[in-house]
Protein chains: 2
Amino acid sequence: MNTNRPIDDDELLRYWIPRLVADGGDPNDALAVRNRAATWDEWPVAWAEIAESYLAIGSDREGRGHAPSASAAYVRAAICFHFAQVVAFHLPDLKIDLQASKTAAFVRAAPLMSPPAERTSIPFGDTTLPAYIRIPAGREGPVAGVVLVPGLDSTKEDFATLMEMIVARGLAVLAFDGPGQGEAHPDLLLGQNYEACISAAVDAFAARPEVDANRIGTIGRSLGGIYVVKAAADRRIRATVVFGGAWDLGDWPTMPPLIRAGFVWATGAEGEDDALAQVADATLDDCIADVASPVLVVHGRHDAIFKAAQAERIAAALPNNATLWMVEDGVHCCHNRAFEVRTGMVDWLAERL
Amino acid sequence: MNTNRPIDDDELLRYWIPRLVADGGDPNDALAVRNRAATWDEWPVAWAEIAESYLAIGSDREGRGHAPSASAAYVRAAICFHFAQVVAFHLPDLKIDLQASKTAAFVRAAPLMSPPAERTSIPFGDTTLPAYIRIPAGREGPVAGVVLVPGLDSTKEDFATLMEMIVARGLAVLAFDGPGQGEAHPDLLLGQNYEACISAAVDAFAARPEVDANRIGTIGRSLGGIYVVKAAADRRIRATVVFGGAWDLGDWPTMPPLIRAGFVWATGAEGEDDALAQVADATLDDCIADVASPVLVVHGRHDAIFKAAQAERIAAALPNNATLWMVEDGVHCCHNRAFEVRTGMVDWLAERL
C-alpha cells in the first residue's frame, strides 16, 4: 500500500467509517482524522491522538467512580488505537506500540463493564491464548455461549459491540486472540492448523460452570470465517456463522495490497509468496464433508477481499445445513449493514443454541 | 428554508450525521439518503423508506421472539421518521404523517426494551401529556431520577440514547412531550408558561414508588434548556443541565430559517413575528434569581442556533451554583462531541442526585 497518498472521502465513507461504527467507534472521530491527516502516512498519529483523548476521559470518569462511562471511553480508545495501527505495516515499531496501547486500553475497560469482561488465559499447546469472557447477569442455570474468532489483523477487542449484543440477550461470550492476532503476535504466528485454537477456546468455555457445554456456537469474522468452518468438525460446536469469510484464499491476486501485507505481518513471512505458503491449509477442500451442524454464511455482494462466489461455494457444498445470507449492497463483512447483519447473526445463533 | 437545493456533504457531515448518530441513528443511513435524495425536497421520502425497512426488520425479529433486536430496529425506525419530517414544514400533511409514524414505531419498541419503557400519561391542566418512564432493574430501594425535556421540533423519542445511558447506571428516567412537541402537537401548542409541564412531569415521576422524590434532576435540550432553568424554581428539582440551551431568544434574527419555521409550527402562529410573540416568556430575565440548585451549562462554541454568549450569560448570572462547560469545537448541543458530553452530563447528575 502506498501510504503517501491522500485519504479520499470515498474510501473513508464507503469502508472505514462503516467498519469503525460497526465496531463501536464514532464517525465524528473519522471526520476529525480527515481534517488532521492529509495522507495515510499521517493517519496513525491522528488516530492515536484521539485515542489518547479517550484515555483521558476514561481516567477522569473512572477516578470519579463512573464505571459505565469510563469503560465506554476505554473501549473507544482501544478502537481508535486499532484504527491507528491498521495501515502502519511500513512502520512496524509504531504498529507494535499502537497494538500494545490498544490491548492496554481494553484491559482498563474490561473490569468496569457490566457484566465485566473477565480476562483469562486459554491453555494452547505449550503456551496460552489471551481471552475475554462475559457471562450475562440474572441467569438461571447454565447458558448458551458464543465463541468469537477474529480475522486477519483483527483482535478480540474488535468484538466489543458483538460481545455487548450477545450478553444483552442472555448468552455468554468468549473472544480470544489466536496465532498471529493481537497479543499472541509475534510470539505465536499465523500458520497451519489455526482451527486447533478454536477447539482450545471451546474447551476453556465449556469448563465454565455458567456455560452449557452442549450449547456453544461460533462466529468467525473474515479470515476467521474459514477457520470456524474447519473447526465445525468439532461436534461440540452446535452452530457456526461465517461472517464475511471464504472457502479459501483463491482471491489472493485481487486482494487489496493492505490485506496481503496483513498476511505477511501475521505469518512473519519473508514476503507475499511465503505468507501464502504459510497459510496453505486455509481451505475448506478437505473438511467440508465433516460439517454436519447448521452454518449461516453472511456475505456482502460488494466484498473486495473475499468475493461473493466464495460464500456461495460454501453454501452450495452444504445444501442441507447451510443458509446463505447475501447482502446485495454489503461491503466486506457487511460493515455498511452492520445493524441488520450483526443482530441477525446473534438472533440466528440464539435460535439454534 | 429553500428545500429545492442540493443536499451538500458539508452540511450533512458537520451537523446532520453527528446529530443522527448522537440520537442513536446510523451514519450508513445518512449516506444512503445522500445517494437517493438529490435535494432536500427528496429527503423526507428517502428517510421514510429507510424507516420502513427498519419496521420490517423489527416485525421479523419480534415475530421470532428476539426482543433486543426488535426494539432496537423499532427505535431506528423512529429516528429515521424523525429525520424524514425534520425539514418538511412546507409539506404539513406529510410532516404530520411522518411524526405519527415516528410515534408508532417507538410505541412498538417500548415494551420490548430491557428495562421496558412504560408509556404513561402525565396529568396537565385539563389534559394529559404522553411520556415514557424507564425504571432500572436490580435496584435496592427508591432511585434517583432524571426528567428529559425536549427542544423545538424534538420529542421524547429522540432521547432514546440518553434514556439508555441513564438507566444503565441505575437511575430512573422520564421523557415526555410538552406543548408543541410530538404527540402533544397540535392539540396543545407551544406558548407561555411551558415550565408548568416540567413540574407536572416531576409530580408524576415523584409519585412512583421506585423513584426517590428528593433526588430528581432535569436535562433540557436546546429550547428545553431555557425551560428547565425556569422550572428550577421548583425546589424539588435538585440539579439542572442546560444542554445546548439559552438565556432567551435574542438570537432570533440569526437563527437558521429551519428553526424559525419550527417555532411557527410549534406555536401554530400566523408567521414568524407572531410565533416569537407566543414565546415571549422564553427568557431567564425574571427567574434566574430564584435558581439555588446546581446548574450545568453545556454548550458548543460553534452553536449556530443559540450563540455561545447565551450560555456564558447563564453561568455568569449564577456564579455560586452554575458550571459552564463550553466545548470549543462543539456544534449545537455538541452533537459532534456527543459521547463525552452526554456521558458527562449523566455523570454530573449522578454525582448530585
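Below: a short report on this structure. In this text, all values refer to a predicted model and were calculated from it rather than measured experimentally.

What counts and what doesn't
- Residues numbered from 1 in each chain as written.
- Chains lettered and ligands numbered in written order.
- Predicted model: local features only at pLDDT ≥ 70, side-chain atom pairs only at ≥ 80, totals over all residues.
- Heavy atoms only, no water.
- Helix = DSSP H or I, 4+ residues; strand = E, 2+ residues; numbered from the N terminus.
- Buried < 20%, exposed > 50% of the residue type's maximum accessible area, 1.4 Å probe, protein only.
- Contact = heavy atoms within 4.5 Å.
- Expected span 1.5 Å × (residues − 1).
- Core = buried A, V, L, I, M, F, W, Y, C linked by side-chain atoms within 4.5 Å.
- Buried area = accessible area lost by both parts, 1.4 Å probe.
- Salt bridge = Lys/Arg side-chain N within 4 Å of Asp/Glu carboxyl O.
- Polar contact = N/O pair within 3.5 Å; in protein donor to acceptor, adjacent residues only side chain to side chain.
- Phe/Tyr/Trp six-rings, centres within 6.5 Å; stacked < 30°, edge-to-face > 60°.

**Re the environment of Thr103(A)**
All names here are of chain A.
Move 1: Along the polypeptide, Thr103 turns up in helix 5 (residues 92-109).
Move 2: With a relative accessible area of 15%, Thr103 lands in the buried category.
Move 3: Put simply, Thr103 and Val264 are 161 residues apart on the chain and 21 Å apart in space, counted from C-alpha to C-alpha.
Move 4: Look past the residues within four positions of Thr103 in its chain and what remains in contact with it is Glu157 and Glu183.

**Brief notes about helix 3 (residues 43-63) of chain B**
Residues and elements named next belong to chain B.
Move 1: Helix length check: helix 3 (21 residues) gives 31 Å between terminal C-alpha atoms against 30 Å at 1.5 Å per residue, within 8%.
Move 2: Turning to helix 3, its buried residues number three or more, namely Trp43, Pro44, Ala46, Trp47, Ala48, Ile50, Ala51, Tyr54, Leu55, Ile57, Gly58 and Arg61.
Move 3: With its phi angle positive at about 85°, Gly65 sits one or two positions after the end of helix 3.

**A word on the nonpolar core**
Move 1: Counting 149 residues, the largest nonpolar core has Trp43(A), Leu148(A), Trp43(B) and Leu148(B) as the members making the most contacts within it.
Move 2: Contact partners of Trp43(A), with chain neighbours within four places excluded, come to Ile7(A), Leu12(A), Trp16(A), Val33(A), Ala37(A), Phe83(A), Ala84(A), Val86(A) and Val87(A).

**With respect to the interface of chain A and chain B**
Move 1: In this complex, chain A contributes 30 residues to the contact, which on the side of chain B involves 30 residues.
Move 2: Taken together, both faces of the contact between chain A and chain B bury some 2,400 Å²; the carbon and sulfur share is 59%.
Move 3: Broken down residue by residue, the surface that chain A buries against chain B is led by Leu13(A), Asn28(A) and Phe339(A), which jointly contribute 25%.
Move 4: For the pair chain A and chain B, the number of links is 4 salt bridges.
Move 5: Between Glu351(B) and Arg64(A) there is a salt bridge, and its shortest N-O distance comes to 2.7 Å.
Move 6: At the surface where chain A touches chain B, the tally comes to 12 residue pairs in polar contact (both at pLDDT 80 or more).

**Quick word on the packing of aromatic side chains**
Move 1: What the rule picks out here adds up to 24 aromatic pairs over all chains.
Move 2: Between Trp43(A) and Trp47(A), the aromatic rings sit 5.7 Å apart at their centres with planes inclined by 65°, giving edge-to-face as the arrangement. Highlighted residues: Trp43(A) and Trp47(A), both in helix 3 (residues 43-63), separated by 4 residues, approximately one helical turn.
Move 3: A residue is classified by how much of its surface remains accessible, and Trp47(A), at 1% relative accessible area, is buried.
Move 4: Consider the rings of Phe106(B) and Tyr132(B), whose centres lie 4.9 Å apart with planes at 55°: the pair is tilted. Taken as a pair, Phe106(B) in helix 5 (residues 92-109) and Tyr132(B) in strand 2 (residues 127-134) lie far apart in primary sequence, 26 residues in all.
Move 5: The class of Phe106(B) is buried, set by a relative accessible area of 0%.
Move 6: Using a relative accessible area of 0% as the deciding quantity, one classes Tyr132(B) as buried.
Move 7: Chaining the aromatic ring pairs together yields one cluster made of Tyr15(A), Trp16(A), Trp40(A), Trp43(A), Trp47(A) and Phe83(A).

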